[in-house]
Amino acid sequence: MANQIKSLDEIAILFSDIVASLTGLDNEFVTVQYQRFGQPSTSYNINSAYVFAKQEQDNNNIFKNRIRIYNSADKTYTYRQQATRVISINTIFYGPDSRELSSLLNESIYFEGTKYTLYKNDLFLIPDRTYGPINLNEKHNGQWWQRSDIELRFYNPIIVEETVQTFESANINLEVEQ
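The sections below set out a description of the structure shown in this document. Not measured: the values here are computed from a predicted model.

**Digging into the pairing of strand β2 (residues 48–56)**
One ladder, built from 3 bridges, connects strand β1 (residues 30–32) with β2; its direction is parallel. What sits directly across from T31, in β2, is Y50. With 9 bridges joining them, β2 and strand β4 (residues 76–94) adopt antiparallel strand pairing. Paired with Y50 across the strands is I92, a residue of β4.

**Topic: the side chain of T78**
Positionally, T78 belongs in strand β4. Here N71 takes part through its side chain, which lies 3.0 Å from a polar atom of the side chain of T78. Other than its neighbours up to four places away in sequence, T78 contacts I67, R68, I69, N71, E161, E162 and T163.

**Examining unusual backbone geometry**
Following G132, the chain continues to P133 via a peptide bond in cis, the omega torsion being 5°. With respect to the helices and strands, P133 occurs in strand β6 (residues 131–140). Despite not being glycine, D122 shows a phi value in the positive range, around 60°. In this fold, D122 is placed in the loop between α3 (112–120) and β5 (124–125).

**Quick word on the nonpolar core**
In this structure, F15, V19, I89, F93, L105, I109 and F154 are the most contacted members of the largest nonpolar core, which totals 26 residues. Elements with a minimum of two residues in this core: α1 (8–23), β1, β2, β4, α2 (98–108) and β7 (143–165). Per-element accounting of this core gives the leading share, 8 residues, to α1. Contact partners of I89, with chain neighbours within four places excluded, come to I11, F15, V51, F52, A53, I150, E151, L152 and F154.

**A short note on the pattern of salt bridges**
Following the criterion strictly, the structure yields 7 salt bridges and no others. Across the salt bridge formed by R147 and E138, the nearest N and O atoms sit 2.5 Å from each other. On the basis of relative accessible area, E138 is assigned to the partly exposed category, the value being 22%. Residue R153 is joined to E151 by a salt bridge in which the shortest nitrogen-to-oxygen separation is 2.9 Å. Of the two residues, R153 and E151, neither departs from the other in class, the shared state being buried. Among the ionic contacts, a cluster of salt bridges with common partners joins E56, R129, E151 and R153.

**Quick notes on α2**
If you check which residues of α2 are buried, you get S98, L101, S102, L105, N106 and S108. Of the surrounding elements, those touching the buried residues of α2 are α1, β4, α3, β6 and β7.

**Structural notes on the environment of R129**
Among the structural elements, R129 can be located in the loop between β5 and β6. On the basis of relative accessible area, R129 is assigned to the partly exposed category, the value being 23%. With 73 residues separating them along the chain, R129 and E56 place their C-alpha atoms 12 Å apart.

**What about the pairing of strand β3 (residues 65–71)?**
Relative to β4, β3 is paired through 7 bridges, and the arrangement is antiparallel. Bridge pairing links I67 to R80 in β4.

Conventions and cut-offs
- Residues numbered from 1 in each chain as written.
- Predicted model: local features only at pLDDT ≥ 70, side-chain atom pairs only at ≥ 80, totals over all residues.
- Heavy atoms only, no water.
- Pairing = 2+ DSSP bridges.
- Helix = DSSP H or I, 4+ residues; strand = E, 2+ residues; numbered from the N terminus.
- Polar contact = N/O pair within 3.5 Å; in protein donor to acceptor, adjacent residues only side chain to side chain.
- Contact = heavy atoms within 4.5 Å.
- Core = buried A, V, L, I, M, F, W, Y, C linked by side-chain atoms within 4.5 Å.
- Buried < 20%, exposed > 50% of the residue type's maximum accessible area, 1.4 Å probe, protein only.
- Salt bridge = Lys/Arg side-chain N within 4 Å of Asp/Glu carboxyl O.

What follows is the structure in structure tokens.
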């Protein structure tokens, strides 16, 4: 096994696909927020969503599980360390159905199929750290747009490895001074 660290961009893309699947929005209208070359703009009467993933500081990140594995074939040791980070995924919905779509995501995230998809991608929902849906309006180009935000948090394991050679032999001499 090699290092296992999913990038935040990979997680955001995966989650944008999940949002599109659960809400029925076209993938064209579910995009990753803060993309390098900007965002496509939509109209106030078109439902759309923006997804942003970030890592949070959490006490779980402090604890490390370490194991040492001996490889007899090449006489090396592999040191494996696992930690768990917390990923916060913010999803912002715009459009006339933004409140309903945000609520739909909030409820649908608990379906077994969704939990299995998250599990396969090493994301484990932290239900008591969900914020939202928060419904509000946002002024955009002189017009009030309907907006609804939801913030979901997930545990995400990280595994890093290092392989080191063993000593084939050592010449140890003891000398006694008198």
